[in-house]
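Examining the three-dimensional arrangement
Spelled out from the first residue to the last, the chains are:
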Amino acid sequence: MADERLIVALDFHTFDDVKKLVGELGDSVNFYKVGMELFYSVGAGVVEWLKTQNKKIFLDLKLHDIPNTVAGGLCSLMGLGANILNVHAAGGFTMMKTASKALHEESERRGVECPKLIAITVLTSINQAEWCGALKISEQVVEFAKLAQAAGLDGVVASPQEAKMIRDACGEKFLIVTPGIRPAGSDINDQQRISTPAAAIKNGATHLVIGRPIRAAKNPREAAEKIQLEMQNLQ
């Protein structure tokens, strides 16, 4: 059975590429990430198609605007049936709280399960040299996580390096979705993107978003199953 802690990133811009990879992975993967590149290229139809394949979807569009605009946008996206939606924590407490409240009210009105709502903390592409906040990046990530939790969100997106600090600060039920997972020894000059699946799970991650190591593998299904086995061996 597929381990739904693994979310495979569909970082494509054509529907054909999506169908090819999903077909190759078959029942070995149940959860997929649809990001801006794919969504803006092919539209909402890709989410609807994944639902027909009985897949779960993390719709990674990173909404960031005034509170009512974000709330309205999320309620519109809810109709697509994604399982996880997200916003930027940098939008502030009021934006996140308004968004969460609107999403729960709309799901109740429609009589459907409310999707999980998580917040982007600090983008993993930003390093300490580029960061201009008063706090260190790791400290700001934890503060954003606590703010998101106080606003009623279900979790955050954060690098594996901050997962343990977030887990300690926000408790066991808080979702921590970690992108940038790579096989050991890769991306050696980019410390924010070094983490094996096992290390990320040990640090407190609840979900791993993995793209290239699966997409570019000679046998994507075999690569996905190997990652899931590594995760499951920690239990």
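Described in the following lines is the structure provided in the data block.

Calculation rules
- Residues numbered from 1 in each chain as written.
- Predicted model: local features only at pLDDT ≥ 70, side-chain atom pairs only at ≥ 80, totals over all residues.
- Heavy atoms only, no water.
- Buried < 20%, exposed > 50% of the residue type's maximum accessible area, 1.4 Å probe, protein only.
- Helix = DSSP H or I, 4+ residues; strand = E, 2+ residues; numbered from the N terminus.
- Pairing = 2+ DSSP bridges.
- Right-handed = clockwise from strand over helix to strand, strands pointing away.
- Salt bridge = Lys/Arg side-chain N within 4 Å of Asp/Glu carboxyl O.
- Phe/Tyr/Trp six-rings, centres within 6.5 Å; stacked < 30°, edge-to-face > 60°.
- Expected span 1.5 Å × (residues − 1).
- Arc of directions from axis to C-beta.
- Contact = heavy atoms within 4.5 Å.
- Core = buried A, V, L, I, M, F, W, Y, C linked by side-chain atoms within 4.5 Å.
- Axes fitted to C-alpha atoms, helices over the stretch in contact; angles between N-to-C directions.
- Parallel < 35°, antiparallel > 145°, perpendicular 65-115°, else oblique.
- Left-handed = near helix turned anticlockwise from the far one by under 90°.
- Nonpolar A, V, L, I, M, F, W, Y, C, P; charged D, E, K, R; others polar.

Our focus in this paragraph is the pairing of strand 3 (residues 56–63). The buried count for strand 3 comes to 6 of 8 residues, which makes it a mostly enclosed element. Here 3 bridges tie strand 3 to strand 4 (residues 84–88), and the two strands are oriented parallel to one another. When the bridges of strand 4 are listed, L63 appears paired with V87. In this fold, the crossover linking strand 3 to strand 4 by way of helix 4 (residues 67–78) has right-handed handedness.

Turning to the pattern of salt bridges, a few remarks are in order. Applying the stated criterion across every chain yields a total of 14 salt bridges. Between R110 and E106 there is a salt bridge, with its nearest N and O atoms 2.7 Å apart. You can see R110 and its partner E106 sitting in helix 5 (residues 93–110), 4 residues apart, about one turn around the helix. On the basis of relative accessibility, which here comes to 36%, the residue R110 falls in the partly exposed class. Across the pair K164 and D168 runs a salt bridge whose closest N-O atoms are separated by 3.1 Å.

A few words now on the packing of aromatic side chains. Using the criterion set out here, one finds 2 aromatic pairs in the structure. Here the aromatic rings of F15 and W49 are separated by 5.9 Å at their centres, their planes lie at 85 degrees, and the arrangement is edge-to-face. Of the two residues, F15 sits in helix 1 (residues 15–25) while W49 sits in helix 3 (residues 45–52), which places them 34 residues apart along the sequence. Exposure remark for F15: the relative accessible area of 23% places this residue in the partly exposed category.

Another point: helix 4. A turn of α-helix holds 3.6 residues, and therefore any two residues three or four places apart point the same way. With 12 residues, helix 4 ought to run about 16 Å at 1.5 Å a step, and its terminal C-alpha atoms sit 17 Å apart, in line with that. The set of residues buried in helix 4 consists of V70, A71, L74, C75, L77 and M78. On an axial view of helix 4, the arc spanned by its buried residues comes to 160 degrees, and they lie on one face. The outward face of helix 4, more than 90 degrees from its buried face, is lined by the exposed residues N68 and S76. Among the structural elements, helix 2 (36–42), strand 3, strand 4, helix 5 and strand 5 (116–120) are those in contact with the buried residues of helix 4.

A separate point is the nonpolar core. L10, V34, L59, V87 and I166 are the most contacted members of the largest nonpolar core, which has 63 residues in total. In terms of residue count, the dominant contributor to this core is helix 6 (residues 137–150) (6 residues). If sequence neighbours within four positions are ignored, V34 has contacts with L10, F39, V46, V47, L50, I57, F58, L59 and D60.

Once that is clear, we can look at the packing of helix 1 against helix 10 (residues 220–232). Two numbers describe how helix 1 lies on helix 10: the axes approach to 8 Å, and their chain directions differ by 60 degrees. Judged by the inter-axis angle, helix 1 sits oblique to helix 10. As for the relative orientation of helix 1 and helix 10, their crossing is right-handed in sense. Here L21, E24 and L25 of helix 1 lie close against helix 10, whose contacting residues are P220, R221 and A224. Split by residue class, the contact of helix 1 with helix 10 holds 4 nonpolar, no polar and 2 charged.

Any functional reading would require information beyond the geometric quantities listed.
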